[in-house]
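Geometric and topological summary
Here is how the chains run, residue by residue.
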Amino acid sequence: MDFAEGVVSGTDTLEEIINSTLNYHAEMYGIELKERLLNLKLKELVRKTSEKYASKVVVLIDEYDKPILDRI
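A short tour of the structure in this document, coming up. (Residues numbered from 1 in each chain as written. Predicted model: local features only at pLDDT ≥ 70, side-chain atom pairs only at ≥ 80, totals over all residues. Heavy atoms only, no water.)

Some remarks on a negative patch on the surface
Spelled out, the test is: A patch consists of residues exposed above 30% relative accessible area that lack any salt bridge, with like charges linked at up to 9 Å and nonpolar side chains (Val, Leu, Ile, Met, Phe, Trp, Tyr) linked at up to 5 Å. Note on areas: Shrake-Rupley, 1.4 Å probe, and residue coverage restricted to the protein chains presented here. A side-chain nitrogen of Lys or Arg and a carboxyl oxygen of Asp or Glu constitute a salt bridge if their distance falls within 4 Å. The charge count treats Lys and Arg as positive and Asp and Glu as negative. His and the chain ends do not count. Charge positions come from single atoms, namely NZ of Lys, CZ of Arg, CG of Asp or CD of Glu. Each helix is a run of DSSP H or I of at least 4 residues and each strand a run of E of at least 2, with the numbering of both proceeding from the N terminus. Only protein chains enter the accessibility calculation, which uses a 1.4 Å probe. A residue is then buried if its area is under 20% of the maximum for its type, exposed if over 50%, and partly exposed in between.
A cluster of like negative charges, contributed by D2, E5, D62 and E63, occupies part of the molecular surface. The residue D62 is located in the loop between α2 (38–53) and α3 (66–71) in this model. In this structure D62 comes out as partly exposed when scored by relative accessible area, which is 40%.

Dropping the structure here:
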């Protein structure tokens, strides 16, 4: 997940970015997500990816502090 692109102007924008990123990765791995809440959607993506590939999953988050810095 990469937060480097664009300026995060508020929580709504941040939620849209996270939701879009999760949906993109789910589509990329051929996984259907049913959860609506972001924290549950992330857990579902990790769990289903792990099950599909019978492997552990590593989540890398790049520029995690950028949304905070955009708001300061």
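Structural notes on the pattern of salt bridges
The final tally for this structure, using the stated rule, is three salt bridges. Residues E44 and K48 are paired through a salt bridge, measuring 2.9 Å at the closest nitrogen-oxygen approach. Residue E44 and its partner K48 are both found in helix α2; the two are separated by four residues, about one turn of the helix. R47 serves as the salt-bridge partner of E51, at 3.7 Å between the closest nitrogen and oxygen.

Observations concerning the nonpolar core
Rules: Throughout this description, the term nonpolar core refers to a set of buried Ala, Val, Leu, Ile, Met, Phe, Trp, Tyr and Cys residues connected via side-chain atoms within 4.5 Å. When checking whether two residues touch, look at their non-hydrogen atoms; a contact exists if any pair is within 4.5 Å.
With seven residues, the main nonpolar core is built from F3, I18, L22, A26, I31, L33 and L45. Counting residues per element, this core draws most heavily on helix α1 (residues 11–28), at three residues. Not counting residues up to four positions away in its chain, the partners in contact with I31 are A26, L45, K48, T49 and K52.

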